[in-house]
Amino acid sequence: MKLLILIAYFIVLITIGFVCRQKATDVNGFVLGGRSVGPWLTAFAYGTSYFSAVVFVGYAGQFGWRFGIAATWAGIGNALIGSLLAWVILGRRTRIMTQHLDSATMPQFFGERFQSNSLKIAASIIIFIFLIPYTASLYNGLSRLFGMAFHIDYSYALSSWQFLLRFMLSQVGYMATAINDFIQGIIMSIALLIVFVFGVNVAGGFDAVAEHAKSLPGYLTMFTTYDPVSGTEQPYPILNVLSMLAWGLGYFGMPHVLLRFMAIEDEEKLTLSRRVATTWVVISLAVAVTIGVVGLGMTTAGELPVLEGSNSETIIVQIANLLSQHGVIPALLAGIILAGILASTMSTADSQLLAASSSVSSDLLGSVLKK
């Protein structure tokens, strides 16, 4: 049943791709969708490319599970710095300047802005090199999670969905990925809601989850955390605050994120996109933290195995596997959860591949071969 949901999800993505193929008739249409993307599509494309499987994996498991409510600071930092501030500082400026200079990629923008072909080539090389480990981490994490969820070999999981992603992107370009990201954002939201409701129900209800959390010193405060090794309350690590700032600021210069600003149909509609994207980021991260807390309550109730160290990252997959054992309808819901994990990763990977490949083909090879 879980596999049927994923097959249906793939069919929808491919269908949208071929319907939107007419938009990719030139470089501008392929990379930016002809600068005709609406505000809602732009907002979700930004949000889903901003967050990959980190919301489903690292944030819910490593942060919410381990640190408790204090992990919300990372969400606040990302919402204010990585989303809201990026829209305010870069959104309108990026849209206006790239259109004025007729730039379809960031390297092309740098080259036109400073009249330097060398700068354009250097920017293209930097984008290509440094997006490789980022994208590779997405491939690795998702393939391992799906290997665990479907009990299939890691290499088969990696090859199958990577082939689909590359085929779809090479054929249809940005407009299709923007529409797919919108759909994937909805799937991600539904998946988080299913995990939350099912987890609370299995853990014995809100009261049982709250009572367990209260029994852990520092788990329900914003400035302290619970140390599972010593069982004591600890100050919130300063390194987490610094990583929160680095995480948020790091997205300012991401080329696949800036493409979202460049592709919107009208700079005046960036205000609506900013509000929608920031709201979605806040809600998604808040629910993810809560799922971590609920997951710990499920473990206490004996419904989930005790997860330690990096294994806590698999909390949502563990919940999906547990849900699939309760009948046909729950198995369908489990499939939606797994589709949400896939959606969160694909929405980031497709935008990264588009940014990196267009920079290499259009800017690097195009400059060298003069084509």
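Please read these numbers as outputs of a predicted model, since none were measured by experiment.

**Q** Which residues make up the overall build of the chain, and what values go with them?
**A** Helix and strand counts for the chain come out as 15 helices and two strands. Within the chain, residue pairs in contact and separated by at least 24 positions form 80% of the contacts whose partners lie at least 6 positions apart. Within the structure as shown, the chain displays about 15,800 Å² of accessible surface, and the carbon and sulfur contribution to it stands at 68%.

**Q** Explain the side chain of S284 residue by residue, including any values.
**A** With respect to the helices and strands, the residue S284 is situated in helix α13 (residues 270–300). Among the polar contacts made by the side chain of S284, one reaches the main-chain carbonyl oxygen of W280 at a distance of 2.9 Å.

**Q** Lay out the packing of aromatic side chains in plain terms, naming residues and giving numbers.
**A** Taken as a whole and assessed by the stated rule, the structure comprises seven aromatic pairs. On the numbers, 6.5 Å between centres and 20° between planes, the contact of W40 with F44 is stacked. You can see W40 and its partner F44 sitting in helix α3 (residues 39–50), four residues apart, about one turn around the helix. Judged by relative accessible area, W40 falls into the partly exposed class, the value being 45%. Linked through ring pairs, W40, F44, F182 and W280 together constitute an aromatic cluster. Taking NZ or CZ as reference, R113 lies 5.0 Å from the ring centre of F114, over its face.

**Q** Requested: an account of a nonpolar patch on the surface, with residues and values cited.
**A** Side chains of I76, L80, L84, L85, V88 and I89 sit close together on the surface and give an oily, nonpolar patch of about 450 Å² of accessible area. Among the secondary structure elements, L80 is positioned in helix α5 (residues 72–100).

**Q** Now, about the packing of helix α14 (residues 315–323) against helix α15 (residues 328–369): what can you tell me, with residues and values included?
**A** The N-to-C vectors of α14 and α15 enclose an angle of 160°; their axes lie 8 Å apart at closest approach. Taken together, the axis directions place α14 and α15 in an arrangement best described as roughly antiparallel. Judged by the twist between their axes, the crossing of α14 over α15 is left-handed. Taking contact as the criterion, the partners of I316, V317, A320 and L323 in α14 are, on α15, P330, A331, L333, A334, I337, L338 and I341. For the contact of α14 with α15, the class distribution of residues is eleven nonpolar, no polar and no charged.

**Q** Go over the nonpolar core with me, naming the residues and quoting the values.
**A** Residues Y46, F146, M298, I316, I341 and L342 are the most contacted members of the largest nonpolar core, which totals 95 residues. Setting aside chain neighbours within four positions, we find L342 in contact with L6, Y9, F10, L142, F146 and W161.

**Q** How would you explain helix α6 (residues 106–113) if you had to name every residue and give the values?
**A** Restricting attention to buried positions, one finds in α6 the residues M106, P107, Q108, F109 and G111. The N-cap residue of α6 is T105: its side-chain oxygen and the backbone nitrogen of Q108 are 3.2 Å apart. Q115, located one to two residues past α6, shows a positive phi value of around 50°.

**Q** So what's going on with α3? Which residues, and what values?
**A** For α3, spanning twelve residues, the distance from its first C-alpha to its last is 16 Å, which sits close to the expected 16 Å at 1.5 Å a residue. The buried fraction of α3 is high, at eleven of twelve residues. Within α3, the full set of buried residues consists of P39, L41, T42, A43, F44, A45, Y46, G47, T48, S49 and Y50.

**Q** So what's going on with the pattern of salt bridges? Which residues, and what values?
**A** In total, this model carries two salt bridges according to the counting rule given. Close ionic contact of E268 with R92 constitutes a salt bridge, the shortest N to O distance being 4.0 Å. Within this pair, whereas E268 is found in the loop between α12 (255–263) and α13, its partner R92 is found in helix α5, the two being separated by 176 residues in sequence. Residue E268 is classed as exposed on the basis of its relative accessible area of 51%. The exposure class of R92 is partly exposed, given its relative accessible area of 46%. The partner of K269 in a salt bridge is E265, with the nearest N and O atoms 2.7 Å apart.

Criteria and thresholds
- Residues numbered from 1 in each chain as written.
- Predicted model: local features only at pLDDT ≥ 70, side-chain atom pairs only at ≥ 80, totals over all residues.
- Heavy atoms only, no water.
- Helix = DSSP H or I, 4+ residues; strand = E, 2+ residues; numbered from the N terminus.
- Contact = heavy atoms within 4.5 Å.
- Areas by Shrake-Rupley, 256 points an atom, 1.4 Å probe, with all protein chains shown as cover.
- Polar contact = N/O pair within 3.5 Å; in protein donor to acceptor, adjacent residues only side chain to side chain.
- Phe/Tyr/Trp six-rings, centres within 6.5 Å; stacked < 30°, edge-to-face > 60°.
- Buried < 20%, exposed > 50% of the residue type's maximum accessible area, 1.4 Å probe, protein only.
- Lys NZ or Arg CZ within 6 Å of the ring centre and 35° of its normal.
- Patch = residues over 30% accessible without salt bridge, like charges linked within 9 Å, V, L, I, M, F, W, Y side chains within 5 Å.
- Salt bridge = Lys/Arg side-chain N within 4 Å of Asp/Glu carboxyl O.
- Axes fitted to C-alpha atoms, helices over the stretch in contact; angles between N-to-C directions.
- Parallel < 35°, antiparallel > 145°, perpendicular 65-115°, else oblique.
- Left-handed = near helix turned anticlockwise from the far one by under 90°.
- Nonpolar A, V, L, I, M, F, W, Y, C, P; charged D, E, K, R; others polar.
- Core = buried A, V, L, I, M, F, W, Y, C linked by side-chain atoms within 4.5 Å.
- Expected span 1.5 Å × (residues − 1).

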